[in-house]
Amino acid sequence: MHEYSIVQALYDKVAAHAAARQATRVHEVRVRIGELSGVDVGLLETAWRTFRVHTICETAPMEVDRVPGDDLVLERIVLEVP
Amino acid sequence: MCDSCGCGDTNLVPIDVQQRILSENDRTAAHNRHHFVERALLAINVMGSPGAGKTAVLEATARALSGRRLIGALAGDLATDHDATRLEAAGIRASSITTGSACHLDAAMVHRALHHMPWSDLDYLFVENVGNLVCPAVYDLGQAANVVVLSVTEGEDKPLKYPVMFHKADLVLISKIDLLPALPDISLDRIGESLRRVMPDPRVIAVSARTGEGIEDWIAWLAAQETHVAPAHYAEAGGRDRV
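Residues numbered from 1 in each chain as written. Chains lettered and ligands numbered in written order. Predicted model: local features only at pLDDT ≥ 70, side-chain atom pairs only at ≥ 80, totals over all residues.

Engineer: Outline the interface of chain B and chain A, listing residues and values.
Structural biologist: It is common to give the size of an interface as the accessible area that goes away when the parts come together. Each partner contributes to the interface: chain B provides 23 residues, whereas chain A provides 24 residues. Counting residues per element, the ones that place at least two in the side of chain B that touches chain A are β1 (11-20) and α6 (163-167) of chain B. Its residues assigned to classes, the side of chain B that touches chain A comprises 14 nonpolar, 6 polar and 3 charged. In terms of strand pairing, strand β3 (residues 72-81) of chain A meets β1(B) through 8 bridges, oriented antiparallel. Across the sheet, residue L79(A) finds its bridge partner in β1(B), namely V13(B). (Contact = placed C-beta atoms within 7 Å. Helix = DSSP H or I, 4+ residues; strand = E, 2+ residues; numbered from the N terminus. Nonpolar A, V, L, I, M, F, W, Y, C, P; charged D, E, K, R; others polar. Pairing = 2+ DSSP bridges.)

Engineer: Which residues make up the pairing of strand β7 (residues 171-175) of chain B, and what are the values?
Structural biologist: Residues and elements named next belong to chain B. For β7, the buried fraction is high: 5 of the 5 residues fall into the buried class. Residues of β7 alternate between two faces, with L171, L173 and S175 on one and V172 and I174 on the opposite face, all of them buried. Across 5 bridges, the pairing between strand β6 (residues 145-151) and β7 is parallel. If you follow S151 over to β7, its bridge partner there is S175. Alignment of β7 against strand β8 (residues 204-206), held across 3 bridges, turns out to be parallel. Within the sheet, the bridge partner assigned to L173 lies in β8 and is I205. Chirality of the crossover, the property in question, places the unit of β7, helix α7 (residues 188-198) and β8 among those that are right-handed. (Buried ≥ 20, exposed ≤ 12 C-beta atoms within 10 Å, placed from the backbone. Right-handed = clockwise from strand over helix to strand, strands pointing away.)

Engineer: Account for the pairing of strand β2 (residues 62-67) of chain A, naming residues and giving values.
Structural biologist: Residues and elements named next belong to chain A. Of the strand pairs in this sheet, strand β1 (residues 25-34) and β2 are connected by 6 bridges, and their pairing is parallel. Residue pairing for β2: V31 is matched across the bridge by V64. Handedness of the β1-helix α2 (residues 41-51)-β2 crossover: right-handed.

Engineer: Give me the lowdown on unusual backbone geometry, citing residues and values where you can.
Structural biologist: Working note: non-glycine residues mostly have negative phi, and peptide bonds are mostly trans. Unlike most non-glycine residues, Q22(A) shows phi in positive territory, near 50°. On the secondary structure map, Q22(A) appears in the loop between α1 (3-20) and β1. With 9 C-beta atoms packed within 10 Å, Q22(A) lands in the exposed category. At T80(B), a position not held by glycine, the phi torsion is positive, near 75°. Checked against the element boundaries, T80(B) lands in the loop between β3 (71-77) and α3 (82-89).

And the structure:
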């Protein structure tokens, strides 16, 4: 169950981008997860829904692009800025 | 606010990020690797199930390399320092990484542990990961190679059930082969067949830590890896060529 560690790293990245642009909310997070990345997408989604509560990502869905290979990549975020 | 028409909507800004989620771990791993290469230290990430025989293989390695190579180990476990105590008794300079609830080691844990154990004079550093066939495969620690220990009692199809771990292995040590006479249903050939289906470049050595069978092949594999770690350093050091 390292998916919570992965989500922690993912959240830290998203939060840093949001802070750099003084965003008030994160609308969407899109990740690319490889079949051989060693990450279970279902567990990752559960971890994300648990972790995002009371954060700037509270309402941000995590969209997952599943690909071959071992990618574990934050592709894109959508920020709400003032 | 939306500047273009004054409608009052907030601005939604898409940002194309394209960064590895574990880039922070990768950065620390690169830092560890830089230290290891600078000191011509061969660092090996040893993974496998709980009870696969990782510690026993390292004890046998220490016996075989006594007087030939100076070796150290970091032993990761959720609790206790039993493995580090066993490794020290075998003549390995060892330190524990107690992870609490974490199911794997990451590069930062290894880096912190290196601050608590003298390591720069070592020839080999084994990082004995937390017993687990899933999570440790995901985290780069700065190692030169991944070795997975798979015991004959775990079943012939383990590599097919946990393909990511075995896909990442540079070498698989099939351990406890001294038990084979008691396991008539287990065949080394069939374990090897499973491994060939998931390893891109299958390299497998069958060993028994108890009898020492296969250990010299494993030692020779380790010696061959030394050329991958800053060969120039080995040439300059001269005295390191002790095998």
